[in-house]
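Chain and residue survey
Residues per chain, in single letters:
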Amino acid sequence: MIEMAKDPAAAVMRLTPRDRALIEVLGEVRYLTAAQIQQVCYPSASVETTRHRLSLLKKRGILTFLAHRTFEDRRAFWGLSPAGRTAAEAVAAAEQGAPQAAPPRASAVAALQIEHLIATNQVFCDLCAQHRAGRLGAFRWLGSHHAQVDLEDTRLVPDGLILVETPEGSVWMYCLELDQGTMAPLQLSAKFARYRLFHDIANLRRDEPVWGIRASSWVMFACKDSARAACAAQLAIRCGLERIWAGTAAEVAAGLAASVGPDTVVRPADLPGLTGGIVPPYKGGVLPVDERETREEGSQ
């Protein structure tokens, strides 16, 4: 019987580097399927070995999951338990030497919301695969809860932010919008109008480091099919949005890799925080992983 330590941070420090990387990832993206976790954090292990490891972490009180009874396709969605979130926050605070913002109050996640989140997080997993294959440099991923921006009397909430830094020191920012085909043209136009306002405000505040990055940012609009992407691109252009990429969700990671290449670098100290009290975002693909751990993890 594996017991959860009284001190959550101490429990995390007892885990392997892969486990701690998983906690860091889930602290940012919130939920992943077992297959996605294997792809990102345990690439040299099988999905079955990964599932066994997840079950052990659940017994330790670090992880929780939404059971298949909530969904039609019998998948389980893994996330951090309250103790796991506390532990991850404590470790992040210790590493940064500063207090972190408290996580938002936990709430029930509807099936449509979790499907949207998992589809968004698959883009993150695809980016990690591109990085491991040597086609994409290191990147930083921020979930929607860290990406929102207040704009006058409205708010812009991308599904995710992707940050890469060039060897020359420039920072490129990509705002990801994952479209499930449920928004009417009028709603899409309103969304693109908010991005146009976002860019207009950013251009007026270019002298400020964060807004300078936002001024040159791109919107990556990921759809289920190319026909929807083409319609979205036309609507974006009509709204005056110039920096727009529209395509299928499956094309996002490869498209970004082809655009920025493998030589980008990320120096966390050089990237300005985009929100106050931000939890350090996961540095895509850069995991403190020792391949020899694979044999040990399944037996713990």
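Note that the structure is predicted; figures quoted are calculated from it, not measured. (Residues numbered from 1 in each chain as written. Predicted model: local features only at pLDDT ≥ 70, side-chain atom pairs only at ≥ 80, totals over all residues. Heavy atoms only, no water.)

Description of the overall build of the chain
Counted only if it meets this: Secondary structure counts use DSSP, requiring at least four H or I residues in a row for a helix and at least two E residues in a row for a strand, with both numbered from the N terminus. Throughout this description, buried means an accessible area under 20% of the type-specific maximum (1.4 Å probe, protein chains only), exposed means over 50%, and partly exposed covers the range between. Only the protein chains shown count as cover for residues, and the accessible areas themselves come from Shrake-Rupley with a 1.4 Å probe.
A count of helical and extended segments in the chain gives 12 helices and 11 strands. In the chain, which comprises 300 residues, the proportion classed as buried is 46%. As displayed, the chain has an accessible area near 14600 Å², and 54% of this comes from carbon and sulfur atoms.

Re the sheet that holds strand E3 (residues 77-80)
Hydrogen bonding along the main chain pairs the strands of a sheet, whether they run parallel or antiparallel. Our working definition: Strands were regarded as paired on the criterion that DSSP finds at least two bridges between them. Residue contacts follow a heavy-atom distance rule, with two residues in contact if any of their heavy atoms lie within 4.5 Å. Lines fitted to C-alpha atoms define the axes here, with helix axes fitted over just the stretch in contact, and angles between the N-to-C directions of these axes take values from 0 to 180 degrees.
With respect to topology, three strands assemble into an open sheet ordered E1-E3-E2, the strand pairing being antiparallel. If you trace the sheet from one side to the other, it starts and ends with strand E1 (32-33) and strand E2 (63-66), each paired once. Of the strand pairs in this sheet, E2 and E3 are connected by four bridges, and their pairing is antiparallel. The residue bridging Leu63 from the neighbouring strand is Leu80, located in E3. On top of the sheet, helix H4 (residues 47-59) reaches E2 and E3; it is set at about 115° to E2, its chief contact.

Some details on the nonpolar core
Stated precisely, the cut-off is as follows: Here the nonpolar core consists of buried residues drawn from Ala, Val, Leu, Ile, Met, Phe, Trp, Tyr and Cys, with membership extended through side-chain atoms lying within 4.5 Å. Start and end points for every domain follow an automatic or database-based domain assignment.
Counting 39 residues, the largest nonpolar core has Leu22, Leu63, Phe124, Leu127, Phe139 and Trp141 as its most contacted members. The residues that make up this core include at least three from each of domain 1 (1-99) and domain 2 (110-282). Not counting the four nearest positions on each side in its chain, Leu22 is found in contact with Ile37, Cys41, Tyr42, Leu54, Leu57 and Leu63. By size, the runner-up hydrophobic cluster in this structure holds 29 residues, among which are Ile201, Ile213, Cys223 and Leu241.

Digging into the packing of aromatic side chains
Describing an aromatic ring pair means giving the distance of the ring centres and the angle of the ring planes. Which entries qualify depends on this criterion: The pairing test for Phe, Tyr and Trp rings, Trp by its six-membered ring, is centres within 6.5 Å, and the orientation test on the planes gives stacked under 30 degrees, edge-to-face over 60, and tilted for anything in between.
Under the counting rule described, the total for this entry stands at six aromatic pairs. Between the aromatic rings of Phe124 and Trp141, the centroid separation amounts to 5.4 Å while the plane-to-plane angle is 55°, which identifies the pairing as tilted. Residue Phe124 is found in helix H6 (residues 111-132), and its partner Trp141 is found in strand E4 (residues 139-143); the two are separated by 17 residues along the sequence. Of the two residues, Phe124 and Trp141, both sit in the buried class. Note on Tyr195 and Phe198: the rings are 6.3 Å apart at their centroids and 90° apart in plane angle, and the pair reads as edge-to-face. Of the two residues, Tyr195 and Phe198 both sit in helix H8 (residues 185-204), three residues apart, roughly one turn of that helix. For the pair Tyr195 and Phe198, a shared accessibility class is recorded, and that class is buried.

Quick notes on the packing of helix H3 (residues 34-41) against H4
Going by this rule: Any angle that falls under 35 degrees is termed roughly parallel, while one over 145 is termed roughly antiparallel, one within 65 to 115 roughly perpendicular, and all others oblique. Ten residue types, Ala, Val, Leu, Ile, Met, Phe, Trp, Tyr, Cys and Pro, are classed as nonpolar, four, Asp, Glu, Lys and Arg, as charged, and the remainder, Gly among them, as polar.
Packing of H3 against H4 brings their axes to within 9 Å, and their N-to-C directions diverge by 100°. As summarised for this structure, H3 and H4 are arranged roughly perpendicular, according to the angle between their axes. Residues Ala34, Ile37 and Gln38 of H3 form the contact with H4, whose participating residues are Val47, Thr50, Arg51 and Leu54. Its residues placed into classes, the contact of H3 with H4 shows four nonpolar, two polar and one charged.

Side note on H3
Burial analysis of H3 places six of its eight residues in the buried class, the great majority of the element. Every buried residue of H3 is listed here: Ala34, Gln36, Ile37, Gln38, Val40 and Cys41.

Brief notes about the layout of surface pockets
To be explicit about the condition: The way it works is a 1 Å grid over only the protein atoms, where trapped points that fit a 1.4 Å probe form a cavity and open points with protein on both sides within 12 Å along at least five of seven lines form a pocket, and then any residue with an atom within 4 Å of a point lines it. Grid points are joined across faces, edges and corners, and a volume is the space filled by probe spheres set on the points.
Counted as a void, the second largest pocket has a volume near 190 Å³. Every residue lining the second largest pocket is listed: Trp172, Met173, Tyr174, Ser216, Trp218, Met220, Trp245, Gly255, Leu256 and Ser259. Secondary structure elements with two or more residues in the lining of the second largest pocket: strand E8 (171-178), strand E9 (218-223) and helix H11 (252-260). Considered class by class, the residues forming the lining of the second largest pocket number seven nonpolar, three polar and no charged.

Some points on the environment of Thr86
The residue Thr86 is located in helix H5 (residues 82-96) in this model. Between the C-alpha atoms of Thr86 and Ile62, which are 24 residues apart in sequence, the distance is 9.4 Å.

Notes on the confidence of the model for the chain
To be explicit about the condition: On a range of 0 to 100, pLDDT expresses the predictor's confidence in each residue.
Overall, the predicted model of the chain reaches an average pLDDT of 77, with 71% of residues at or above 70. In this model residues 97-110 is a low-confidence stretch, pLDDT under 50, and it forms 16 contacts with partners more than four residues away in sequence or in other chains.

Overview of H8
Here is the rule we go by: Under the convention used throughout, the expected extent of a helix is 1.5 Å for every residue step, that is, one less than its residue count.
In this model, H8 (20 residues) spans 29 Å end to end at C-alpha, consistent with the 28 Å of a helix rising 1.5 Å per residue. Within the span of H8, buried status applies to Leu188, Ser189, Lys191, Phe192, Tyr195, Phe198, His199, Ile201 and Ala202.

Observations concerning the pattern of salt bridges
Where we set the bar: The rule for a salt bridge is simple: a side-chain nitrogen of Lys or Arg has to be within 4 Å of a carboxyl oxygen of Asp or Glu.
A full pass over the atoms with the stated rule returns seven salt bridges. Residue Arg51 is joined to Glu48 by a salt bridge in which the shortest nitrogen-to-oxygen separation is 2.8 Å. You can see Arg51 and its partner Glu48 sitting in helix H4, three residues apart, about one turn around the helix. Taking relative accessible area as the criterion, Arg51 reaches 39% and is therefore assigned partly exposed. The salt bridge partner of Glu177 is Lys191, with a shortest N-O separation of 3.1 Å. Placement of Glu177 in strand E8 and of Lys191 in helix H8 is noted, with a sequence separation of 14 residues between them. The exposure classification of Glu177 matches that of Lys191, with both residues buried.

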